[in-house]
Amino acid sequence: MSGHDLPSEPFERAVACVIPAKDEAERIAATVDAVHKIIGVDLVVVVDDGSADGTAEAAERAGAVVVRHARNRGKAAAMETGAAAVAERDGARARHLLFLDADLTDSATAAAPLIEPVQSGQADMTIGTLPMQVRADGSKAGGHGFVVRLARAGIEEATGWAPEQPLSGQRCLTRVAFDAAVPLAAGFGVETALSIDLGRKGFRILEVPIEVKHRATGTDLRGQLHRGRQYLHVRRALAARSALPAGSGPSLRSLIPRKPAQ
């Protein structure tokens, strides 16, 4: 039985899943279908963040409530929009909020362990730690880890806690915790800032292993430019919180591969 077929679930323990999405028409339906199978999730909200493809239509066909941004506004804005859409339906008894990436497809059901510690009162926010992904040639997928190291060092500088996967977007929060972190840090700095802002305010944060899989960022120029933006957003979030570690990471110029000499 899917989560949205469970009317007997106590409302105060119910969970709304918010999925920010941009140009994910090929993956969003499978992700929404999988989230609907998570026990306790009774509402799925997809925020179409200025997509140029059929993301919104695919999400609606899969049974999600869809909210659209006319133009791309970034992940943090999409999270806030999704949370606001949930609040409109909640009234005074707020659901917990589960935030997941749009490209998890069938593996999204494996995010279920993020919910129980929040429902039981063990944690105010859980963060999913994902298994290492490898390419067909056996090499580790993803980048060189400099953005992760920057985020981890900054969080430790601010709170004394060094998370294993500080950039993970798979998170479950109480409504109180989410509201305490608003306004969210812009762009890709949102996860790092969430951990700092909630940690400083005494909210309990717990990392939980989950077996979800997402599309790894490539090592081509597009992937490197993505990491460059991510680095700048994380650095900006840390600087705004006086949590920028000394000697923190490479320069932006070093993040972009040079063309080979002719």
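Before any of the text, the structure's been laid out above.
What comes next is a walk through the structure.

The rules behind these values
Residues numbered from 1 in each chain as written. Predicted model: local features only at pLDDT ≥ 70, side-chain atom pairs only at ≥ 80, totals over all residues. Heavy atoms only, no water. Helix = DSSP H or I, 4+ residues; strand = E, 2+ residues; numbered from the N terminus. Buried < 20%, exposed > 50% of the residue type's maximum accessible area, 1.4 Å probe, protein only. Contact = heavy atoms within 4.5 Å. Areas by Shrake-Rupley, 256 points an atom, 1.4 Å probe, with all protein chains shown as cover. Core = buried A, V, L, I, M, F, W, Y, C linked by side-chain atoms within 4.5 Å. Polar contact = N/O pair within 3.5 Å; in protein donor to acceptor, adjacent residues only side chain to side chain. Phe/Tyr/Trp six-rings, centres within 6.5 Å; stacked < 30°, edge-to-face > 60°. Salt bridge = Lys/Arg side-chain N within 4 Å of Asp/Glu carboxyl O. Axes fitted to C-alpha atoms, helices over the stretch in contact; angles between N-to-C directions. Nonpolar A, V, L, I, M, F, W, Y, C, P; charged D, E, K, R; others polar. Parallel < 35°, antiparallel > 145°, perpendicular 65-115°, else oblique. Left-handed = near helix turned anticlockwise from the far one by under 90°.

## Some words on the overall build of the chain
For the chain, the count of helices and strands is eight helices and seven strands. By the burial criterion, 50% of the 262 residues in the chain qualify as buried. Long-range contacts, defined as pairs at least 24 residues apart, comprise 76% of the intrachain contacts of the chain with a sequence gap of at least 6. Accessible area of the chain: about 12500 Å², with a carbon and sulfur share of 51%.

## Some details on the nonpolar core
Grouped together as the largest cluster of nonpolar side chains are 32 residues, with contacts concentrated most on I19, I28, V32, V35, V41, V46 and L98. Residues in contact with I19, not counting those within four places in the same chain, are I28, T31, V32, V35, V44, V45, V46, V47, L100, D101 and A102. Core analysis: the second largest hydrophobic core is formed by 25 residues, A16, M79, L184 and F203 among them.

## A closer look at the side chain of Q170
Topologically, Q170 is positioned in the loop between α5 (146–159) and β6 (171–173). Looking at Q170, its side chain comes within polar contact range of the side chain of D101, at 2.6 Å. Apart from residues no more than four positions distant in its own chain, Q170 is found in contact with F99, L100, D101, L104, L114, T126, I127, G128, L130, I210 and V212.

## Concerning unusual backbone geometry
Between V182 and P183 the backbone carries a cis peptide bond, its omega angle lying at 0°. Its location among the elements puts P183 in the loop between α6 (175–181) and α7 (190–200). The phi dihedral of D23 is positive, around 55°, even though this residue is not glycine. Checked against the element boundaries, D23 lands in the loop between β1 (15–21) and α1 (28–35).

## Points about the packing of aromatic side chains
Inspection of every chain in the model, using the stated rule, returns two aromatic pairs. Consider the rings of F99 and F178, whose centres lie 5.5 Å apart with planes at 25°: the pair is stacked. Of the two residues, F99 sits in strand β4 (residues 96–99) while F178 sits in helix α6, which places them 79 residues apart along the sequence. Summarising the aromatic geometry, the rings of F146 and Y231 are spaced 6.1 Å apart at their centres and angled 65° between planes, so their arrangement reads as edge-to-face. You can see F146 sitting in helix α5 and its partner Y231 sitting in helix α8 (residues 221–240), a full 85 residues away along the chain. Classification of F146 as buried rests on a relative accessible area of 11%.

## With respect to the pattern of salt bridges
Tallying each qualifying case throughout the model produces nine salt bridges. A salt bridge links R68 to E57; its shortest N-O distance comes to 3.4 Å. Pair noted here: R68 is in strand β3 (residues 65–69) and E57 is in helix α2 (residues 55–61), with a separation of eleven residues, a long-range link. Residue R68 is classed as partly exposed on the basis of its relative accessible area of 48%. On the basis of relative accessible area, E57 is assigned to the partly exposed category, the value being 33%. K75 is the salt-bridge partner of D101, the closest N and O atoms lying 3.5 Å from each other. Here the residue D101 occupies a position in the loop between β4 and α4 (116–119), and K75 occupies one in helix α3 (residues 75–90), the gap between them amounting to 26 residues.

## Points about the packing of α3 against α7
Look at α3 against α7: their axes get within 9 Å of each other, and the N-to-C directions meet at 60°. Taking contact as the criterion, the partners of K75, A76 and M79 in α3 are, on α7, V190, E191 and L194. When its residues are assigned to classes, the contact of α3 with α7 shows four nonpolar, no polar and two charged.

## Points about the packing of α5 against α7
It is the contact of α5 with α7, at a shortest axis distance of 9 Å, that shows an interaxial angle of 10°. Considering their axes alone, α5 and α7 lie roughly parallel with respect to each other. In terms of crossing hand, the pair formed by α5 and α7 is right-handed. Of the residues in α7, those touching α5 at A151, G154, I155, A158 and T159 are T192, S195, I196, G199 and R200. Class assignment for the residues of the contact of α5 with α7 results in four nonpolar, five polar and one charged.

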